[in-house]
Amino acid sequence: MLLAMTTALLFAALIGLAPAMGPALSPANAQLNGKRELNVPAKLVAETQKVQAGQQVTLAFVMTPKPTWHGYWENPGDAGIGMSFDWTLPDGVTAGTARYPVPDRLLISGIMNYIYEGDYAVLVNLSLPDTIKPGPLPISVKSAWLACTDEVCVPEQDELSITLQVVEQAGGKDAVIAQNDAFNHYRNALPRPLGNPATFMVKDDLFRLSVPVPASLDIETPYFFIKEDGIVDYASPQKVNRDGDRLIIETAARGDALKAISGVLKIGPDTGLSLDASAGDVEMSGVPISTGDDSGNFTDGGGQSNAQFGARSTATLLFIALGGAIIGGLLLNLMPCVFPILSLKAISLAKAGGDEAVVRRDALAYTAGVVLVAAALGGLLLALRASGAAVGWAFQLQDPRIIFVLLALVTAIGFNLAGLFELPNVNFGNRLAQKDGAAGSFWTGALAAFVATPCTGPFMAAALGATIVLPPAAALIIFAGLGVGLALPFLLIAFVPAIRSRLPKPGPWLDGFRKAMAVPMFLTAIGLIWLLGRQIGTDGLALSLIFLLCAALILWWLGGGQAKGLSRGVVSTGALIAAIIGGVLFLPGEDAMDSRKMPNASAATLASEPFSEATLAQLRSDNRPVFAYFTADWCITCKANEAAAIQRQETADAFAAANVAVLMGDWTRADPTISNFLEKHGRAGVPLYLYYAPGKDPVILPQILTVSTLTELVA
Amino acid sequence: MERLLPMACKSITSLVVVAAFGMAMPLAAAQKTGAMAQDFKLTDMYGKTVQLSSFRGKPVVMEWHNPGCPFVAKHYDSGNMQATQSAARKQGVIWLTINSGAKGKQGHMTGMEAQKLFKQQGMKSNYYLLDAKGVVGKAYAARTTPHMYIVDTTGKLVYQGGIDDKPTADKADIKTARNHVSAALTELKAGKNVSVREARPYGCSVKYAN
């Protein structure tokens, strides 16, 4: 064998392949094509330099657009052209269809382009006939593509060639495998096939597509790239709804000539699912989710897209989003969680009527409190996002412990308004403003901003969404703008005496008004209780409400003392903190929440180990039976099979009795080892179910599993 | 193709990244094939006002044009577009070449520039219309240069799409391509229905104003 390899190497060197120059790569130099330099140069590389008769080898056209230039997807959109390939191949060798990575969008003056801005690779499989003789295998292809900037287009073409080496099968596996790792990276950029068929409908100039994806799948700014032309109006925004296990996309139609379409559903910056859809009825049911379409001109290619913004457009976006944030903040003042604080504070300011300086100082202190808390929450949000967590505004409401603290706070404010107790510093209007001091106003503002977050309604979503694509400093300005909007009425009252003089004069009615304002506060509390209950269930909820009652009783006791002129502040503050901490500690943590949300997760009935070929080989050599299953969060068939057959007590019992090892390959994120394994088993995607009886060849199980399919394996 | 590059490079220096937040609307609803084509008035390169409906009784071809676009150059440098124009006019067809390139963008033409180019390239259209604001281009959802439309004698839109079925910039492909416009005009002349009523337009995007 050593002799065979040496001979092969020697032979390769003799015919000028110079394999020493680069392992497995023999890039065809694009720059040598004529005199001109290409704007989107192409390089042809092969995954393996050595190939065997009867096998396939993957070639990649590695495209490296110069800055500001882009290349096109197979359906280029409104304008542009996809790539073409004119192969010159040895007899019997055939080239498959090109496979393109998940594209980005670029909307220029209403014309939609489906493009690639960064480097990308288009993959083509070559199939070799069984009869091919060992020796050099010259591959040549004339390829043409369109290179464009936002302004100009240049058709480019190149003649690329590469010479592979056909080797004897006798050389065994070792002779062939010198795989090019870059190909794992290229494959990861390809869309992954969604096994389940989708349905589409064209009616009344609307195109609707219904895609089966599990309800539990996280989807970011989905967008459907259709492969066929003439069906969809590319530049129209796409509305996306989720209805249980279906994702429904609606956009303007251009024609209805086809009975079947295909395309790529992009569900994240680097993730796409390729799908086929046939004509049928599709209703726009379910709940809308936000799409990136407010910002149609952004390509959604993660980091790259930001670089594409001109300074001017960033400024425009910032300006619009800031306006939205300020208006949103202003509207927040009317929300039940904020209105009581604001209205009473405003009236207390009016009382201070005479002293302009004090009023202004208080208003500025209040504004500072609001803006600082809003910016701090925003900063935390950006930091969490930067660390990779998928969080949105009001992210703090995803943690039951923070909800509990908010609930305690809102309840306390409610009781305070109702007159149960008074607060020495933070004051909602029962005393004269002068006595509050600037510090009191500052904390009132801070509180208002924090309490306002659960009420940040959908009208804020667009402005806050913009923070994702803006640089962090600009995003912080938007969060601060939210604060400014929230504080705006206050500033107006303080700085425009005419408004202040219109406010009702304080009097005995104010006490009644203040008590009435406890109602919206308690409504907010009920909203939070509902939210908490959904997250931790009724058992946990009851427990936390008991702690809440304790806190309320302590406040009552504090208030009683205040009425008698006793200071119970220190004791009650301590007791209050203890009650709240108790409530927080007794709440189920996030882990428990996750398992509640996903009863089918691996923590459940049938335990499994992560899949790897090494583990599989080890278990096989130990003569243990192995059940291997491959799944992904976006695969509805997988989830259905897991719920119906795999994660079942009967299955777990039967497998335990037969000492079956369970391996689970999660393909939610493209994993090259799993991709390769699937490909080896002739699958482009998940699900894949395999059973390895000791010492026997593996059995591929059907796509639809039942409990008996699995239990009979080991019976 | 060699002379396109300096042009391309010049344009890059003045490259403006377009990303008007929330303002980039899709093109207005396209004209439906088989429906009445929307009437419009445009000024031609000599300053004359031209109205589509005034040609009722004759078939009208509309051709979207951008002299800087390599795909337009494919059909003009090869003489294919001029030949198609000549043949059409011999059949009594009115040919409108329309430029929707916005001021400052690739291919934008003033009247004077257009007159010069028209002579230079031996263009055979009846009128060269200036649509720098893109109003007519957007009303017809013209997406590429070239993008072709045919209106029949009754004012109905009977074809919209590419000039032919070989979406390349290679002149050599013209010989083997089906020229959709010539074919449709011949069918109209013979009193037949147009067999290919829509085809994918190909070329550069129309350089509309931002």
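Here the structure is a predicted model, which is why all the values come from computation and not from measurement.

1. A closer look at the overall build of chain B
On a plain count of helices and strands, chain B comes out with six helices and nine strands. Counting across all 210 residues of chain B, residues that qualify as buried make up 45%. Sequence-distant contacts, at least 24 apart, represent 76% of the contacts inside chain B between residues at least 6 apart.

2. Here's the deal with the overall build of chain A
Within chain A one finds 21 helices and 25 strands. Within chain A, buried positions represent 43% of all 715 residues. Within chain A, contacts between residues at least 6 apart in sequence are counted, and of these 78% link residues at least 24 apart.

3. Overview of the sheet that holds strand β7 (residues 104–108) of chain A
Residues and elements named next belong to chain A. Pairing is antiparallel in the open sheet, where three strands are placed in the order β4-β8-β7. Sheet topology places β4 (71–77) and β7 at the edges, where each strand pairs with a single neighbour. The sheet shows a mean angle of 40° between the axes of neighbouring strands, taken without regard to direction. Pairing of β4 with strand β8 (residues 111–116), which is carried by three bridges, proceeds in the antiparallel orientation. Looking at β8, one finds that Gly77 is bridged to Asn113.

4. Here we look at the pairing of strand β9 (residues 120–127) of chain A
Of the strand pairs in this sheet, strand β3 (residues 56–63) of chain A and β9 of chain A are connected by eight bridges, and their pairing is antiparallel. By the bridge assignment, Met63 of chain A is partnered in β9 of chain A with Tyr120 of chain A.

5. What about the sheet that holds strand β22 (residues 626–631) of chain A?
Residue and element names in this part refer to chain A. Taken together, five strands build an open sheet; the order of strands is β21-β23-β22-β24-β25 and the sheet is mixed. Two strands bound the open sheet, and with one partner strand each, they are β21 (609–610) and β25 (699–700). As paired strands, β22 and strand β24 (residues 688–692) are joined by five bridges and run antiparallel to one another. Within β24, the position partnered with Tyr629 by the bridge is Tyr689. Along the sheet, helix α17 (residues 613–621) contacts β21, β22, β23 (661–666) and β24; its crossing angle with β22, the most-contacted strand, is approximately 160°.

6. Considering the pairing of strand β13 (residues 198–203) of chain A
Residues and elements named next belong to chain A. Only one face of β13 is buried, namely the one carrying Ala198, Phe200 and Val202, since none of Thr199, Met201 and Lys203 on the opposite face is buried. In this structure, β13 lies alongside strand β19 (residues 271–279), joined through three bridges in parallel fashion. Bridge pairing in β19 links Phe200 to Ala279. As paired elements, β13 and strand β14 (residues 206–212) share five bridges and run antiparallel to each other.

7. Some points on the confidence of the model for chain B
Residue and element names in this part refer to chain B. Residue-level pLDDT values for chain B average 85, and 86% of them are 70 or greater. Contacts from residues 1–29, a stretch scored under 50 in pLDDT, to residues over four places away or in other chains number 63 contacts. As scored by the predictor, the complex reaches a pTM of 0.57 and an ipTM of 0.77.

8. Here we look at the packing of helix α19 (residues 649–657) of chain A against helix α21 (residues 707–714) of chain A
Residue and element names in this part refer to chain A. Relative to each other, α19 and α21 sit at 10°, their axes nearing to 9 Å. As judged from the angle between their axes, α19 and α21 are roughly parallel. Across from Glu650, Thr651, Ala654 and Phe655 in α19, the residues of α21 making contact are Val707, Leu710, Thr711 and Val714. Here the contact of α19 with α21 is composed, by residue class, of five nonpolar, two polar and one charged.

9. Notes on the environment of Leu137 of chain A
All names here are of chain A. Mapped onto the secondary structure, Leu137 falls in strand β10 (residues 135–148). Overall, the presence of 23 C-beta atoms within 10 Å leaves Leu137 in the buried class. Considering only alpha carbons, one finds Leu137 and Leu89, 48 residues apart in sequence, at a separation of 8.5 Å.

10. Description of unusual backbone geometry
In the segment running from Thr145 of chain B into Pro146 of chain B, the intervening peptide bond is cis, with an omega of -5°. If you trace the backbone, Pro146 of chain B turns up in the loop between β6 (144–145) and β7 (148–151). Of note in this structure, Asp205 of chain A is not a glycine but carries a positive phi near 65°. Relative to the elements of secondary structure, Asp205 of chain A occurs in the loop between β13 and β14.

11. Overview of helix α3 (residues 80–90) of chain B
All names here are of chain B. Residues of α3 that are buried include every one of Met81, Thr84, Gln85 and Ala88, and no others. Down the axis, α3 shows its buried residues gathered within 100° of arc, on one side only. Buried positions along α3 lie against β3 (60–64), α2 (70–77), β4 (94–99) and α6 (180–189). Following α3 by one or two positions, Gly92 adopts a phi angle in the positive range, close to 85°.

12. With respect to helix α8 (residues 400–418) of chain A
Residues and elements named next belong to chain A. Between its terminal C-alpha atoms α8 stretches 26 Å, which fits the 27 Å expected from 19 residues at 1.5 Å a residue. Where burial is concerned, most of α8 is hidden: 15 out of the 19 residues are buried. Just downstream of α8, Gly419 is the residue with a positive phi angle, here 95°.

13. Re the environment of Gln160 of chain B
All names here are of chain B. Inspection of the secondary structure puts Gln160 in strand β8 (residues 157–161). Note on Gln160: 24 C-beta atoms within 10 Å, which makes it buried. Separated by twelve residues in sequence, Gln160 and Met148 have C-alpha atoms that sit 5.6 Å apart. Apart from residues no more than four positions distant in its own chain, Gln160 is found in contact with Gln31, Thr33, Tyr149 and Glu198.

14. Re the environment of Gly280 of chain A
All names here are of chain A. Within the fold, Gly280 resides in the loop between β19 and β20 (287–289). Along the sequence, Gly280 and Ser210 sit 70 residues apart, while their C-alpha atoms lie 9.5 Å from each other. The contact partners of Gly280, leaving out residues within four places of it in the chain, are Thr199 and Met201.

What counts and how
Residues numbered from 1 in each chain as written. Chains lettered and ligands numbered in written order. Predicted model: local features only at pLDDT ≥ 70, side-chain atom pairs only at ≥ 80, totals over all residues. Helix = DSSP H or I, 4+ residues; strand = E, 2+ residues; numbered from the N terminus. Buried ≥ 20, exposed ≤ 12 C-beta atoms within 10 Å, placed from the backbone. Contact = placed C-beta atoms within 7 Å. Pairing = 2+ DSSP bridges. Axes fitted to C-alpha atoms, helices over the stretch in contact; angles between N-to-C directions. pLDDT = per-residue confidence, 0-100. Parallel < 35°, antiparallel > 145°, perpendicular 65-115°, else oblique. Nonpolar A, V, L, I, M, F, W, Y, C, P; charged D, E, K, R; others polar. Arc of directions from axis to C-beta. Expected span 1.5 Å × (residues − 1).

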